[in-house]
Amino acid sequence: MARDTDISNVVLITVDSLRADAIGAYDAEERAPDVEGHTPEMDALAERGTVFEDAFATGNWTPFSFPSIMASRPVFADSDRIGVAETPTLASTLSDAGVSTGGFNAANGFLTEHWGYNEGFDEFEPFVASVGSSIYSRYLATHPTVEAWLQLATSPVRRLGSWLRGEADDRPFLDTSRMFDVEHAASEFLESTDSPFFLWVHYMDTHTPYVPAPRYIRDVSDGWVGTHRMLHAHTRTGLGWDVDERTLSELRTLYRAATRQVDASIGRLLDAVSEGGFDDETAVVLAGDHGEEFQEHGHLAHYPKLYDELIRVPLVVDVPGAPARRVEGPVGLDAIPPTVVDLAGVDSPDAWLGESLTPSVFDGDAPSDDPVVSVTVRGEDVTAQPIPRSLADGDLLVSVRDGEWTYIENVETGTTELYERSTDPTQQDDRSADPTPEQRDIVREFASIADAHATTLRTERTDRGDEVDDDLGARLEALGYR
């Protein structure tokens, strides 16, 4: 039920591959000293808003997570497609209620009109531009690290040319993530729109490959020159060499620097909200769509697994006038759409499965104690390419989480895992092989939930196919998906 507030507008900020412990608001006691303070904007948002301590994505990567974020539905619940074309979206629900809507995505090919993510937006730009037909342009489209180095090398020439022409050039050295394109589009939307409005911005900087501007590498590292870290780490991983401790450390540094780069952009975006005079009537929701692995379970990036490094994400809701607080208890990202429409004074569609978090935000009420269910699909090998995008592409894995336990089941083979997160936060000690009587009860309860979810996904659905055009395919390959 909507609260009687002065909130007219909502800004939803989603950050690709942002794990919970990447920002200062989470796990500060476990963080190394050199990581502290590198996300001041997100930390400030958390300090004045509501931090959900145990927020979990409903999938290990964008296509499996975003149906919950934008339509409060699990992936594959309505069709074989990895999109939202079969159900009312957050934007369409708000647009139908007379809210102005703008959505800007930093070139994630999985968040385009091809999969229905433009539905309901008055202004929508995914920045998935044509990559051209030349071998050179297609190579750059699929090798962002190379593009980053070319940008770095040519930036003095570009800046000199701008100076000679009397033009301003406020772009950073590197912008392979299209961060500034998104930032400028969002600012223009804020300048041209009137309340009420809904603005969605999606950042890609923290998605592999990490190519932050050099100044952000220096911000989070112990040396004044940081670009060599990028070259060394991406050379080793690009050539398929073993990831040694030095390379892993450099990748973590690049990831932190990319997070710092996103944080700075979020600060400029919130400044634009303030400059538009919207401060006191605008709620801000911040979330990661999934996490990122740094060999906690043997790999990098976000291959088909369901451990916390990929599933636990930040979720912060900042509402002017609501007290700052931290809320414990499992929360799925399918709570985002009903929370946003609740803040906007709009009713949720019956098809949505998540519950609004406004009682937690305003009154500190504990969220529903229902476990959070997440899924992935795994091929014959965890790193098999192409990464599975449909239930027909491999084994369905389902995880069930409450406040203490994580249960993972391969529905096809029947193999299970059970972890007690309070004593085993990195989920290395599988209790399912020799469970206590209490743990057997947990397995039975969670197995029932997992099997019911799998049955839901396998019911009669619309067969829509998944073909993409050449440009979109090239951009997906740039993200590492063939």
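Scroll up to find the structure this text is about.
The following refers to the structure shown. For every chain, the first residue of the written sequence is number 1, and numbering continues from 1 onward in sequence order. Whole-chain, interface and lining totals are the exception, using all residues; otherwise, since this is a predicted model, local features are given only for residues with pLDDT of at least 70 and side-chain atom pairs are given and counted only at 80 or more. In computing side-chain properties, one takes all heavy atoms of the structure into account and sets aside hydrogens as well as water.

**Focus: the overall build of the chain**
Definition in use: The secondary structure listing takes helices from DSSP runs of H or I that are at least 4 residues long and strands from runs of E that are at least 2 residues long, numbered from the N terminus. Residue exposure (1.4 Å probe, protein chains only): buried if accessible area is under 20% of the type maximum, exposed if over 50%, otherwise partly exposed. The contact criterion used throughout is that any non-hydrogen atoms of two residues lie within 4.5 Å. Exposure was quantified through the Shrake-Rupley algorithm and a 1.4 Å probe, taking into account, for residues, occlusion by the shown protein chains and nothing else.
In terms of regular secondary structure, the chain is built from 14 helices and 15 strands. Evaluated residue by residue, the chain yields a buried proportion of 58% over its 482 residues. A separation threshold of at least 6 residues defines the contact pool for the chain, and within that pool the share at least 24 residues apart is 70%. When the accessible surface of the chain is summed, it comes to about 19600 Å², and 47% of that surface belongs to carbon and sulfur atoms.

**Here we look at the pairing of strand β14 (residues 405-410)**
Note the cut-off: Strand pairing is assigned whenever DSSP detects at least two bridges linking the two strands.
For β14, a buried count of six out of six residues is recorded, marking the element as mostly surrounded by other parts of the structure. Burial of the side chains of β14 extends over both faces: W405, Y407 and E409 are buried on one face and T406, I408 and N410 on the other. Pairing of strand β13 (residues 395-401) with β14 involves five bridges; the strand directions are antiparallel. The residue of β14 that forms the bridge with S399 is I408. Between the antiparallel neighbours β13 and β14 lie three residues. Sheet topology places β14 next to strand β15 (residues 416-420); five bridges connect them, and they run antiparallel. Bridged to E409 within β15 is T416. Here β14 hands over to β15 after five residues, with G414 in that stretch at a positive phi of 85 degrees.

**Description of the nonpolar core**
What counts, and what does not: Nonpolar cores were defined as sets of buried Ala, Val, Leu, Ile, Met, Phe, Trp, Tyr and Cys residues, with membership established by side-chain atoms within 4.5 Å.
Ranked by size, the top nonpolar core spans 71 residues in total, and within it L12, L90, F198, W200, L315, V319 and L396 carry the most contacts. For this core, the element with the highest residue contribution is helix α13 (residues 437-457), accounting for seven residues. Excluding anything up to four places from it in sequence, L396 contacts V375, T376, V377, L391, E409, N410, V411, E412, A454, L457 and R458. Among the nonpolar cores identified, the runner-up in size contains 50 residues, and V11, A257, L270 and V273 belong to it.

**Here we look at helix α6 (residues 179-192)**
Put simply, the rule is: In a helix, the anticipated span is given by 1.5 Å times the number of residues less one.
With 14 residues, α6 extends 20 Å from end C-alpha to end C-alpha; this agrees with the ideal 20 Å at 1.5 Å per step. Close packing links the buried residues of α6 with β3 (100-105), β4 (123-125), β5 (197-203) and α9 (245-275).

**Structural notes on the sheet that holds β15**
Here is the rule we go by: Every axis corresponds to a line fitted to the C-alpha atoms, with the helix fit spanning only the stretch in contact, and the corresponding angles, defined between N-to-C directions, vary from 0 to 180 degrees.
Read across the open sheet, the four strands follow the order β12-β13-β14-β15; overall the sheet is antiparallel. A single partner strand is all that each edge strand has here, and the edge strands are β12 (372-378) and β15. Direction aside, neighbouring strands of the sheet carry axes that sit 15 degrees apart on average.

**Details of unusual backbone geometry**
Residues S195 and P196 are joined by a peptide bond in cis, for which omega reads -5 degrees. Of note, P196 is situated in the loop between α6 and β5. Of note in this structure, F76 is not a glycine but carries a positive phi near 70 degrees. Residue F76 is classed as buried on the basis of its relative accessible area of 2%. Even without being glycine, Q427 reaches a positive phi, approximately 55 degrees. With respect to the helices and strands, the residue Q427 is situated in the loop between β15 and α13.

**Focus on the pattern of salt bridges**
Note the cut-off: Any carboxyl oxygen of Asp or Glu that lies within 4 Å of a side-chain nitrogen of Lys or Arg is treated as forming a salt bridge with it.
Under the counting rule described, the total for this entry stands at 13 salt bridges. Close ionic contact of D308 with R401 constitutes a salt bridge, the shortest N to O distance being 2.9 Å. Here the residue D308 occupies a position in helix α10 (residues 308-311), and R401 occupies one in strand β13, the gap between them amounting to 93 residues. An identical accessibility class is assigned to D308 and R401; each is buried. The salt bridge partner of R431 is E420, with a shortest N-O separation of 3.4 Å.

**A closer look at the packing of helix α1 (residues 40-48) against α9**
Spelled out, the test is: Put simply, angles under 35 degrees are roughly parallel, angles over 145 are roughly antiparallel, angles from 65 to 115 are roughly perpendicular, and the rest are oblique. Amino acids are sorted into nonpolar (Ala, Val, Leu, Ile, Met, Phe, Trp, Tyr, Cys and Pro), charged (Asp, Glu, Lys and Arg) and polar (every other residue, Gly among them).
In the contact formed by α1 and α9, the axes pass within 7 Å of each other and the chain directions differ by 60 degrees. The pairing of α1 with α9 is recorded here as oblique in orientation. Side by side, α1 and α9 meet where P40, E41, M42, L45 and R48 of the first sit next to T259, R260, D263, I266, G267 and L270 of the second. Split by residue class, the contact of α1 with α9 holds five nonpolar, two polar and four charged.

**What about the side chain of T14?**
Note the following rule: Definition of a polar contact: a pair of N or O atoms within 3.5 Å, with one able to donate and the other able to accept a hydrogen when the atoms are protein atoms, and with sequence-neighbouring residues admitted only if both atoms are side-chain atoms.
Along the chain, the position of T14 falls in strand β1 (residues 9-15). A distance of 2.9 Å separates a polar atom in the side chain of T14 from a polar atom in the side chain of W200. Separated by 2.7 Å, the side chains of T14 and H202 make a polar contact. Sequence-distant contacts of T14, that is, excluding residues within four places in its chain, are made with F66, I69, W200, V201, H202, Y203 and A287.

**Some words on the environment of W405**
Locating W405 in the fold gives a position in strand β14. Since its relative accessible area comes to 5%, W405 is described here as buried. Separated by 34 residues in sequence, W405 and P371 have C-alpha atoms that sit 9.4 Å apart. Not counting the four nearest positions on each side in its chain, W405 is found in contact with V400, L418, Y419, E420, R421, Q439, I442 and F446.

Geometry only, nothing functional implied.
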